[in-house]
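What the coordinates show
Take a look at the letters that make up each chain.
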Amino acid sequence: MKRIRDMVKNVTKNMIKYIVSLISEVFYKISGRHIDDMVIEQFVKYAVTGFVAFVAEYGTFYLLNHVAKVWYIWSNSVAMTLGVAISFFMNRYWSFKSKGNFIRQFVSYGILYLINLAISNGLMALLIDTVNIKPLISKLIVIGILICWNFIIYRKVIFNNK
């Protein structure tokens with residue numbers, strides 16, 4: 001079992017190095033500037049973490065709203081809570097390898113979660129009730145909007161090791 005875990009760890013590490021190198025090269029060719037490989041690596045790990053959290057969050061939303069017929073606001077709130085929990089621990093320990101104060105980070109993350117939840121539920125209500133977009137499509141749109149600004153807040157504020 002340890003051998004398999006080590007093998008997976010090495011494959012993952014090499015895959016991330018390759019992606020970082022590729023992004024760095026493309027960025028240089030486009031802008032003529034180099035970008036710190038650590039920032040790219042953090043972003044790649046953030047993206048992987050985001051994908052894992054997305055699958056958990058969207059899957060939970062689908063099951064609650066579409067299958068169990070729970071109101072979309074409750075479905076969204078439960079799904080976001082699960083996604084945020086996964087995201088917090090993966091980002092803290094893997095993406096940003098933070099050694100900062102756990103309580104401060106947890107509280108900061110919780111505040112950001114509450115802000116994101118209010119924005120998410122507000123946008124969901126707008127898209128579903130006013131624009132008449134189906135809940136499953138609305139959820140995808142809202143997740144896309146929230147992802148964009150969270151990376152900067154996580155990196156610069158919540159998991160900043162300075």
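As a reminder, the structure under discussion sits directly above these lines.
Residues numbered from 1 in each chain as written. Predicted model: local features only at pLDDT ≥ 70, side-chain atom pairs only at ≥ 80, totals over all residues. Heavy atoms only, no water.

1. As for the packing of helix 3 (residues 72-95) against helix 4 (residues 102-130)
Close contact between helix 3 and helix 4 brings their axes to 10 Å; oriented N to C, the two are set at 145°. The two elements helix 3 and helix 4 cross, and the hand of that crossing is right-handed. (Axes fitted to C-alpha atoms, helices over the stretch in contact; angles between N-to-C directions. Helix = DSSP H or I, 4+ residues; strand = E, 2+ residues; numbered from the N terminus. Left-handed = near helix turned anticlockwise from the far one by under 90°.)

2. A few points about the environment of Arg-5
With respect to the helices and strands, the residue Arg-5 is situated in helix 1 (residues 2-31). Sequence-wise, Arg-5 and Ile-73 are 68 residues apart; in three dimensions their C-alpha atoms are separated by 39 Å.

3. A short note on the packing of helix 1 against helix 2 (residues 37-67)
With their axes 9 Å apart at the nearest point, helix 1 and helix 2 run at an angle of 120° to one another. It follows that helix 1 is oblique to helix 2 by the angle criterion. Both helix 1 and helix 2 take part in a crossing whose hand is right-handed. On helix 2, the residues that touch Ile-16, Ile-19, Val-20, Ile-23 and Ser-24 of helix 1 are Asp-37, Ile-40, Glu-41, Val-44 and Lys-45. For the contact of helix 1 with helix 2, the class distribution of residues is 6 nonpolar, 1 polar and 3 charged. (Parallel < 35°, antiparallel > 145°, perpendicular 65-115°, else oblique. Contact = heavy atoms within 4.5 Å. Nonpolar A, V, L, I, M, F, W, Y, C, P; charged D, E, K, R; others polar.)

4. What about a nonpolar patch on the surface?
A contiguous nonpolar patch, built from Met-15, Tyr-18, Ile-19, Leu-22, Ile-23, Val-26 and Ile-30 and spanning about 690 Å² of accessible area, is present on the exposed surface. As for its position among the elements, Tyr-18 is in helix 1. With relative accessibility at 56%, the residue Tyr-18 sits in the exposed group. (Patch = residues over 30% accessible without salt bridge, like charges linked within 9 Å, V, L, I, M, F, W, Y side chains within 5 Å. Areas by Shrake-Rupley, 256 points an atom, 1.4 Å probe, with all protein chains shown as cover. Salt bridge = Lys/Arg side-chain N within 4 Å of Asp/Glu carboxyl O. Buried < 20%, exposed > 50% of the residue type's maximum accessible area, 1.4 Å probe, protein only.)

5. What about helix 5 (residues 135-158)?
Most pronounced at Trp-149, the bend in helix 5 amounts to some 30°. By the burial criterion, the buried members of helix 5 are Leu-136, Ser-138, Lys-139, Val-142, Ile-143, Leu-146, Asn-150, Phe-151, Ile-153, Tyr-154 and Ile-158. Contacts made by the buried residues of helix 5 are with helix 2, helix 3 and helix 4. (Bend = angle between axes of the 7 residues up to and from the residue.)

6. Here we look at the packing of aromatic side chains
All told, the structure shown has 17 aromatic pairs when counted by the stated rule. Consider the rings of Phe-43 and Tyr-46, whose centres lie 6.1 Å apart with planes at 40°: the pair is tilted. Taken together, the residues span about one helical turn, with Phe-43 and Tyr-46 both in helix 2 at a distance of 3 residues. Among the residues examined, Phe-43 registers a relative accessible area of 41% and is labelled partly exposed. Site record: aromatic cluster; members linked through ring pairs are Phe-43, Tyr-46, Phe-88, Phe-89, Tyr-93, Phe-96, Phe-102, Phe-106, Tyr-109, Tyr-154 and Phe-159. (Phe/Tyr/Trp six-rings, centres within 6.5 Å; stacked < 30°, edge-to-face > 60°.)

7. What to know about the nonpolar core
Core analysis: the largest hydrophobic core is formed by 26 residues, its most contacted members being Tyr-109, Tyr-154, Ile-158 and Phe-159. Every element with two or more residues in this core is listed here: helix 2, helix 3, helix 4 and helix 5. Top contributing element to this core by residue count: helix 5, with 8 residues. In this view, Ile-158 contacts Arg-104, Gln-105, Ser-108, Tyr-109, Leu-112 and Ile-153; residues no more than four positions away in its chain are not counted. (Core = buried A, V, L, I, M, F, W, Y, C linked by side-chain atoms within 4.5 Å.)

The values reported here are purely geometric and, on their own, carry no functional implication.
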